[in-house]
Amino acid sequence: MLENTAATLEAFPDQSLGAKRRTFAIISHPDAGKTTLTERLLLFGGAIQAAGNVRARGQNRRTRSDWLAIEQARGISVSSSVMTFERGGLTFNLLDTPGHSDFSEDTYRTLTAVDAAVMVIDAAKGIESQTRKLFEVCRLRDIPIITFINKIDREALDPLALLDEISSGLALDLTVMTWPIGMGVDFRGCLDVVGKRLLLPKAARTDGYGRAEPVADFADVASNPSVEERIAAPALESLALCQDSLPKFDVRAFQEGHLSPVVFGSALKDFCVEELLNCLANWAPGALARKAKSRVVTPEEDKVTGFVFKVQANMDPNHRDRVAFVRLCSGKFRRGMKLFHAREGRFMTVSAPTFFLAQQRETADEAFPGDIIGIPNHGTLRVGDTLTEGEALQFEGIPNFAPEVLCRVSLEDAMRTKQLNKALEDLAEEGVVQMFKPMGGSLPILGVVGTLQLDVLTSRLKQEYGVSIRTEAAPYQTARWVVSDKKDALREAVGSAVKVSAVA
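Residues numbered from 1 in each chain as written. Predicted model: local features only at pLDDT ≥ 70, side-chain atom pairs only at ≥ 80, totals over all residues. Heavy atoms only, no water.

Caption draft 1: The overall build of the protein chain, seen in detail. A tally of helices and strands in the protein chain yields twelve helices and 27 strands. Within the span of the protein chain, comprising 504 residues, buried residues form 54% of the whole. Taking all contacts inside the protein chain whose residues are at least 6 apart in sequence as the whole, residues at least 24 apart take part in 69%. On the protein chain, roughly 22400 Å² of surface is accessible, and the fraction owed to carbon and sulfur atoms is 50%. (Helix = DSSP H or I, 4+ residues; strand = E, 2+ residues; numbered from the N terminus. Buried < 20%, exposed > 50% of the residue type's maximum accessible area, 1.4 Å probe, protein only. Contact = heavy atoms within 4.5 Å. Areas by Shrake-Rupley, 256 points an atom, 1.4 Å probe, with all protein chains shown as cover.)

Here's what the structure looks like:
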């Protein structure tokens, strides 16, 4: 088993507690098993007593990370969620991101707040389009990535073919941490390459993970009564080829984003989830420095700094709340602190900060670099805002997407126009939609990155605000900000547009 680093980290003083944080995102193509893996990480991390199911039936428990009504109904993630838990003296901040490309904006913003990522790949499908896009975003930010090849208990591609596809397709060095003994109907367990253990099902061959047997030599796997020779021999031969051709694990290369440790496993059957968690604990970096426009902010600084990367409306629908998710970059945060709101140029008191387990919350009395805290507010904080102890900072790298789809909204009940406008303002601040107000004063034009966002909008308006709407195509194709270094020319162009609109 991988050695736990908690004992060495206990010696760090308070100002270095950022080294005890592991803030990471899980990225993947839809249906690769990302949310299932999230539930299992929470289970092995001790945050929950029983893992939920994406498509829960009967007495099965729902997932914690997918808590919106539309997420539970469709079995997909449509909004990033944050889960904080402790294990072995370390604090893990897990950010579960949407896999669907229509929610790329939320995912890309979330990636600005993490220090590492787990890339989940379906063993039957290999690298898929959205996985590739998210990997490139991580590469641009030099985010270290651990690769989890999921669903090896089902019919899948050959492990060597999967590794070759990842290595050549993503131009990434790989090192194998665990190895499957058979796949699909021949799946018998996994070999923990680092800890030299054979991970086996609990009792019956189709059970989830439940036994671990030490292996002095990998060849001993073939003599284990739970593994047939016809399955063990090709698995060990493939592993030997990997070890001869792939580079040795190097922590520095991993943390620089050049090398990825590969964990073969099955999230649904609990195989190698703990090994993945140990990889994060041992090798993922603590809180990293963040670049602002004027300078680089390091986690060792005494003064508190942080930025808002997400706003979520109606986490508690009964109270119409709005919570800003803040990534702390430096300093020791304490409940009740007065922090400087850089955009508005004034101080605000943070009296009720929270930690998250998806929708559930608990009060955060103190927090350190790398932590994600929630700050309840009524529209004061927006995505990209900076909080400091007085310095006017602006952190870089938080993206804004131009909408791909524009539509008009019509109300089924014209008497609820006021509720609709309030709801659209809330959801626009959150980033569910972008809102453009015509000069004529009619209902706004809505912009989204993908059409699935419109389904989310319609569902949430009905569930959270009691407003039923219909959407229809708008007579526009694009929406862009007009910028120019020549202020007079820009003013003239805007003035001409206003005259044309008035004439029309």
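Caption draft 2: Up close: the environment of Ala171. Residue position: Ala171 is located in the loop between helix 6 (159-170) and strand 6 (173-176). Residues Ala171 and Leu259, spaced 88 residues apart in sequence, show a C-alpha to C-alpha distance of 9.6 Å. With near-sequence residues (within four places) excluded, Ala171 lies in contact with Arg139 and Ile166.

Caption draft 3: Fine view of helix 11 (residues 452-465). Look at helix 11: 19 Å from first C-alpha to last across 14 residues, which is about the 20 Å you get at 1.5 Å a residue. Every buried residue of helix 11 is accounted for by Leu452, Gln453, Leu454, Val456, Leu457, Arg460, Leu461, Glu464 and Tyr465. (Expected span 1.5 Å × (residues − 1).)

Caption draft 4: Spatial organisation of the packing of helix 2 (residues 34-44) against helix 9 (residues 273-283). Axis separation between helix 2 and helix 9 bottoms out at 9 Å; the angle between their running directions is 75 degrees. For the element pair helix 2 / helix 9, the angle class is roughly perpendicular. Facing helix 2, whose interface residues are Leu37, Arg40, Leu41 and Phe44, helix 9 presents Val273, Glu274, Leu276 and Leu277. (Axes fitted to C-alpha atoms, helices over the stretch in contact; angles between N-to-C directions. Parallel < 35°, antiparallel > 145°, perpendicular 65-115°, else oblique.)

Caption draft 5: Looking closely at the packing of aromatic side chains. A full pass over the atoms with the stated rule returns nine aromatic pairs. Geometrically, the ring pair formed by Phe307 and Phe395 is tilted, given 5.4 Å between the ring centres and 45 degrees between the ring planes. In this pair, Phe307 is assigned in strand 14 (residues 305-313) and Phe395 in the loop between strand 23 (386-388) and strand 24 (405-411), connecting sequence segments 88 residues apart. Assigned by exposure class, Phe307 and Phe395 land together as buried. Here a set of aromatic residues connected by ring pairs shows up, and it is made of Phe187, Tyr209 and Phe271. Sitting over the face of the ring of Phe325, Lys310 holds its NZ or CZ atom 5.9 Å from the ring centroid. (Phe/Tyr/Trp six-rings, centres within 6.5 Å; stacked < 30°, edge-to-face > 60°. Lys NZ or Arg CZ within 6 Å of the ring centre and 35° of its normal.)

Caption draft 6: Structural view of the sheet that holds strand 7 (residues 178-181). One open sheet accounts for four strands, arranged 7-8-9-10; its pairing is antiparallel. A single partner strand is all that each edge strand has here, and the edge strands are strand 7 and strand 10 (209-214). Within this sheet the neighbouring strands show an average axis-to-axis angle of 25 degrees, counted without direction. Bridge count for strand 9 (residues 197-201) against strand 10 is five bridges, and the pairing is antiparallel. Among the inter-strand pairings, Pro201 is bridged to a residue of strand 10, identified as Tyr209. Contacts between helix 7 (residues 229-245) and the sheet are confined to strand 7 and strand 8 (189-192), with strand 7 contributing the most and set at about 155 degrees to the helix. (Pairing = 2+ DSSP bridges.)

Caption draft 7: Main features of helix 10 (residues 417-430). Taking 1.5 Å per residue as the helical rise, helix 10 with its 14 residues ought to reach 20 Å, and the 20 Å between its terminal C-alpha atoms agrees with that figure. Within helix 10, burial applies to Leu420, Ala423, Leu424, Asp426, Leu427 and Glu430. Taken end-on, helix 10 shows its buried residues confined to a sector of 160 degrees, consistent with a single buried face. Backbone geometry just downstream of helix 10 places Gly431 in the positive-phi region, at approximately 100 degrees. (Arc of directions from axis to C-beta.)

Caption draft 8: Spatial organisation of the environment of Leu393. Its place among the elements puts Leu393 in the loop between strand 23 and strand 24. Not counting chain neighbours up to four residues away, the residues in contact with Leu393 comprise Ala292, Ser294, Arg295, Val297, Thr305, Ala342, Thr386 and Thr388.

Caption draft 9: Region of interest: the pattern of salt bridges. The full count for this structure, using the stated rule, is 23 salt bridges. Salt-bridge contacts for Arg290 lead to Asp115; the nearest nitrogen and oxygen are separated by 3.2 Å. Here Asp115 lies in the loop between helix 4 (104-111) and strand 4 (116-122) and Arg290 lies in strand 12 (residues 290-291), a separation of 175 residues in the sequence. For the salt bridge of Arg295 with Glu301, the shortest nitrogen-to-oxygen distance reads 2.8 Å. Arg295 sits in the partly exposed class, given a relative accessible area of 27%. Members of the salt-bridge network, linked through shared partners, are Asp115, Arg290 and Arg327. (Salt bridge = Lys/Arg side-chain N within 4 Å of Asp/Glu carboxyl O.)

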